[in-house]
Amino acid sequence: MAMQFYASPEQIMRDRSEMARKGIARGRSAVVLSYAGGVLFVAENLSSTLHKVSEIYDRIGFAAVGRYNEFENLRRAGVRMADLNGLSYDRRDVTGLALANAFAQTLGAIFTEQSKPFEVEICVAEVGATPEDDALYRLTYDGSVNDEPGRMAMGGQADAIAGVLKSHHRPDMSLGEAVRVAVQALGSVGGEGGAARTIAANQLEVAILDRSRVGRTFRRITGAALTALLDGGAAGEAEAEGDRAKTPTTPTEEAHKPATSAGSADLEDKPGDKPEA
Amino acid sequence: MAAGFDPSGRLPDVFTNAGTSSFTSFLSKVAPEMLPGRRPLPPGLAADLAPHATTIVAISTAGGVVMAGDRRATMGNLIAQRDIEKVHPADAYSLVGIAGTAGIGIELMRLFQVELEHYEKIEGAMLSLDAKANRLAAMVRGNLGAAMQGLAVIPLFAGFDLAAKDPARAGRIFSFDVTGGPYEETGYDAIGSGSLFAKSALKKRFRAGLSVDDAVRLAVEALYDAADDDTATGGPDLSRRIFPVVMTATAEGTYRLTDAETAAIGESVVAGRMENPGG
């Protein structure tokens, strides 16, 4: 017969926190930051189909690190909640704060009630009219929420990455600069003997919430457009920033091809996409 | 909030279940009262109770499809609205036009837009064009009870098929009846009270492989012919500057012609009819 030993609530919570923190720290990291043209998500991700970064609603994006099945579960819930609210009220009434609150309550309840906490860390980002209006909410395994000042890092060695971000990030950066700072920050940890690494384009998952766009602002940046940005191509940047002004009424996005969005597919084919610098 | 949330603020299980990728099936669990077909109606005919939206035409072209709708909504013998918009983008590559009871039509169209977007966000890939038509057919079928009491909604669906091998055949049109459908149409189709006249006009003037610009002109001409013979269809209104809504769906996505563009086409069609009223 199993014997019930006494464990103090404090001890239980500490054990759960430790477990969640360890799980999160094992994974590859992700960074989210505001730049002049919107909000940028960059995650280290070897898969091109199991996304760490996704669209939730018109102006809201989602990035997560940790266990895929657990954050995917929350992402679906978020999309359902956003679509339900958007249909019941209006598209403008779906906010990042409401979503962050719902995620926080859910994570908090799972942390205290279930035997195993979710080993995830989540960012809910909402793009505003200016970089100052952007909102980045960090949600952790225990349900706590933080409003981050324009940039954040999650996952393994997040503190070191956040340090690099803090020293290089400015809210008025261009997309190209922002991508390079994000990749530099991600590469600053995990190298041989503490040296910086170079991360190839095919190991990165990059997406933006495009401030200038009407309707659905989320867009993935893949393939040649991403390579051009990483190489510092001013031309690639101009292309990536260019809006599909021809289709203002269209919720442009995605995706006959799972890894490439319609938005980035048309960037890839344009001439002048080559890096100049 | 439509769905009852836990007092704790935690998302209920139905949100976090693996469940379905369909928004309407999700809605049927959390807020069934928001589905158009789920409302009990008192017995009796209600046809003249609410405004009716009228004629929509769709034409397939060499590079996609064109859909146009007049701007009139009628209620019995009255004009309920002069500038209603009945043609909308369903998603980035498809269009939906609504004829029939305007209020239910708009609700159905919004729900359909969310359905497509929801699937795309959950699955990370778009539905095929045929699947989109099937989803719309299911929604129309769901409204059958109300349709039998006179509150019918008939959509017209058209889009650019990203999976089409031959780009000339990528523009596809689907029609529906009150019991659902869908039926794929070849070349062109029209729905609503003026559709008889619009289709007759298109029958004589449609050619396979039209350019998008020619098809836009043809669509506005067909709406003019419908307005000519059907009182419930509105023609180009030069004094109020109200012209048909014209949208295209091509490989570049959907596009709504600007007011200036439709005004130029509308004026030119009217000018042509000054000389030859039959077109």
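Residues numbered from 1 in each chain as written. Chains lettered and ligands numbered in written order. Predicted model: local features only at pLDDT ≥ 70, side-chain atom pairs only at ≥ 80, totals over all residues.

How would you sum up the overall build of chain A? Please name residues and give values.
Each helix and strand counted, chain A has eight helices and ten strands in total. A buried classification covers 52% of the 277 residues belonging to chain A. Looking at chain A alone, contacts between residues at least 24 apart form 67% of all its contacts between residues at least 6 apart. (Helix = DSSP H or I, 4+ residues; strand = E, 2+ residues; numbered from the N terminus. Buried ≥ 20, exposed ≤ 12 C-beta atoms within 10 Å, placed from the backbone. Contact = placed C-beta atoms within 7 Å.)

Go over the nonpolar core with me, naming the residues and quoting the values.
With 155 residues, the main nonpolar core has Val31 and Val42 of chain A together with Val57 and Ala219 of chain B as its most contacted residues. In terms of residue count, helix H7 (residues 212–229) of chain B provides more of this core than any other element does, ten residues in total. (Core = buried A, V, L, I, M, F, W, Y, C linked by C-beta atoms within 7 Å.)

How would you sum up helix H1 (residues 9–26) of chain A? Please name residues and give values.
Residue and element names in this part refer to chain A. The end-to-end C-alpha separation of H1 is 26 Å, in line with the 26 Å expected for 18 residues at 1.5 Å each. When we look at burial in H1, the residues that qualify are Ala20, Gly23 and Ile24. For H1, the angular spread of the buried residues around the axis is 100°, confining them to a single face. Exposed residues pointing more than 90 degrees away from the buried face of H1 are listed as Glu10, Gln11, Arg14, Asp15, Glu18 and Lys22. Where the residues of H1 are buried, they touch strand S4 (60–66) and strand S5 (120–126). (Expected span 1.5 Å × (residues − 1). Arc of directions from axis to C-beta.)

Please set out the environment of Arg141 of chain B residue by residue, giving values where relevant.
All names here are of chain B. Its location among the elements puts Arg141 in helix H4 (residues 129–142). The sequence separation of Arg141 and Gly180 amounts to 39 residues, and the corresponding C-alpha distance is 4.6 Å. Beyond its immediate stretch of four places on either side in the chain, Arg141 contacts Thr179 and Gly180.

Which residues make up the packing of H7 of chain B against helix H8 (residues 259–275) of chain B, and what are the values?
All names here are of chain B. Direction vectors running N to C along H7 and H8 enclose 55°, while the axes themselves pass 10 Å from each other. Relative to H8, the element H7 lies oblique. Crossing angle aside, the handedness with which H7 passes H8 is right-handed. Contacts from Val216, Arg217, Val220, Glu221 and Tyr224 in H7 reach Ile265, Gly266, Val269 and Arg273 in H8. Across the contact of H7 with H8, the residue classes break down as five nonpolar, one polar and three charged. (Axes fitted to C-alpha atoms, helices over the stretch in contact; angles between N-to-C directions. Parallel < 35°, antiparallel > 145°, perpendicular 65-115°, else oblique. Left-handed = near helix turned anticlockwise from the far one by under 90°. Nonpolar A, V, L, I, M, F, W, Y, C, P; charged D, E, K, R; others polar.)

Any details on the pairing of strand S3 (residues 53–57) of chain A? Residues and values, ideally.
All names here are of chain A. Of all five residues in S3, five are buried, a share of seventy percent or more. Sheet topology note: the S3/S4 ladder contains four bridges and is antiparallel. Considered in S4, the bridge of Glu55 is made with Gly61. Hairpin connection from S3 to S4: two residues lie between these consecutive antiparallel strands. (Pairing = 2+ DSSP bridges.)

Residue-level account of the packing of helix H4 (residues 158–168) of chain A against helix H5 (residues 175–187) of chain A, with values.
Residue and element names in this part refer to chain A. The contact between H4 and H5 brings their axes to 8 Å, and the two run at 150°. When the interaxial angle is binned, H4 and H5 end up roughly antiparallel. Where H4 crosses over H5, the two elements pack in a sense that is right-handed. In this structure, H4 contributes Ile161, Val164, Leu165 and His168 to the contact, and H5 contributes Val181, Gln184, Ala185 and Leu186. A per-class count over the contact of H4 with H5 returns six nonpolar, two polar and no charged.

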